[in-house]
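Architecture at a glance
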Amino acid sequence: MADGLGWGEGTAHPDEDALVAHLAALVDGPAPGVLRGIGDDAALIAPDLVWTVDTQVEGSHFRRDWSSPADVGWKALAVNLSDLAAMGAQPVAALVSAIVPDGDASDLEPIYAGLGACARTYGCAVVGGDVASGPGLALSIGVLGRIAAPPPGRDGARPGDVIAVTGALGESAAGLAALRDPALQGLGGVEGCIAHLRRPHPRLAEGAVLARVAHALMDVSDGLARDLPRIARRSGVAITADLDTLPVHVPVRDVAHRLGVEPGVLAATGGEDYELVVAIDPADVAGCGVPLTVIGEVLAGAAGVVWRGTGAEAGLAGWDHLARRAPNP
Ligand SMILES: [Mg+2]
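Report follows, based on the coordinates. (Residues numbered from 1 in each chain as written. Predicted model: local features only at pLDDT ≥ 70, side-chain atom pairs only at ≥ 80, totals over all residues.)

Some remarks on the nonpolar core
- In terms of nonpolar packing, the biggest core is built from 91 residues, with Leu-77 and Val-278 touching the most fellow members.
- Here the element with the most residues in this core is helix 2 (residues 69-85); it accounts for 10 residues.
- Split by domain, this core shows at least three residues from each of two domains, domain 1 (8-146) and domain 2 (162-324). (Core = buried A, V, L, I, M, F, W, Y, C linked by C-beta atoms within 7 Å. Buried ≥ 20, exposed ≤ 12 C-beta atoms within 10 Å, placed from the backbone. Helix = DSSP H or I, 4+ residues; strand = E, 2+ residues; numbered from the N terminus. Domains from an automatic or database assignment.)

Quick look at the pairing of strand 8 (residues 238-242)
- Here strand 8 shows a clear split, with Ile-239 and Ala-241 buried on one side and none of Ala-238, Thr-240 and Asp-242 buried on the other.
- Taken together, the four bridges between strand 8 and strand 10 (residues 293-299) define a ladder with antiparallel strand orientation. By the bridge assignment, Thr-240 is partnered in strand 10 with Glu-297.
- Across five bridges, the pairing between strand 8 and strand 11 (residues 304-308) is parallel. (Pairing = 2+ DSSP bridges.)

Notes on the pairing of strand 4 (residues 125-134)
- A small share of strand 4 lies buried, amounting to zero of its 10 residues.
- As paired elements, strand 3 (residues 90-101) and strand 4 share nine bridges and run parallel to each other. Residue pairing across strands places Leu-95 opposite Gly-128, the latter belonging to strand 4.
- Following the chain from strand 3 across helix 3 (residues 108-122) to the adjacent parallel strand 4, one finds a crossover that is right-handed. (Right-handed = clockwise from strand over helix to strand, strands pointing away.)

Overview of unusual backbone geometry
- The residue Asp-102 is not glycine, and still its phi comes out positive at about 50°.
- Along the chain, Asp-102 falls in the loop between strand 3 and helix 3.
- Using a count of 8 C-beta atoms within 10 Å as the deciding quantity, one classes Asp-102 as exposed.
- The phi torsion at Glu-272 lies on the positive side, around 60°, for a residue other than glycine.

A short note on the sheet that holds strand 6 (residues 162-165)
- Strand order in this open sheet of six strands is 7-9-6-10-8-11, and the pairing throughout is mixed. The open sheet terminates on both sides in strands that have one partner only, identified here as strand 7 (216-220) and strand 11. Strand-to-strand twist across the sheet, computed as the mean angle between neighbouring axes with direction ignored, equals 25°.
- Packing of helix 6 (residues 204-213) onto the sheet brings it into contact with strand 7 and strand 9 (275-280), and relative to strand 9 it is tilted by some 10°. (Axes fitted to C-alpha atoms, helices over the stretch in contact; angles between N-to-C directions. Contact = placed C-beta atoms within 7 Å.)

Keep in mind these numbers describe shape, not what the thing actually does.
As structure tokens, this is what we get:
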């Protein structure tokens, strides 16, 4: 789940996590066979099966002048597969619900071409769905994944662990900034950031490996500044993290400097990274089989995240608006 424009991931709601908790209470009831329900990136509905759903809405998650219909189809599935990666799962099958504007289905063919390309890349069958008419284009996809062992979830971080991430952060944030301000598109490497925003690559292979060794695991869809506190709260631990240690590529640094934002702040708040973040025994980092960058540590103490490093003293919340919200398309 994620956005980049505004209402994705529930970011326009003042407190998505509180809303989810409230709604969860309304649907609480018998759940025979369900091993883990709401609270992780996907639900564990059988010893070997996880299940999740996510929606992409025109104007909130994508703009048609910034992404092609094929990009939209790719991303609608990819963001779901990222949640499977966060559970250490491999894709099994997807159901696709599409809403087309005023019954105009003309974009569905290229959307499905992009969706199909993503599905074939990651080995996910598309087994059904439906099409309905509505005020705007939206794609809601539910995916089923298979796991080999119980996944770590978000609640297993323990004092003494380190916090580490896969890949690099801030690419999509830089890409979004460049789409908003074409003057930034002349910076070297920015086209790769735009490509990452349009077609993210879920870390399925890495997730399967990390699920065997990590104590906590989730994907970074809202930006670490929002996602890391979810591990801290669910695990009941204190986390300290350092903005200056975040893996940030040169084009992202260049864009951040042009925006007048510290690169670490842009990387922590931008969202749509679709990397994985883990809490892991420091002895397991080097030999776990997945390249990781250590960016923090887990301590005993009140549940929450304390950020250090350049820009942290100004607080991260103020940049959230800049990094995540676009003017109404
Ligand atoms: Mg997620």
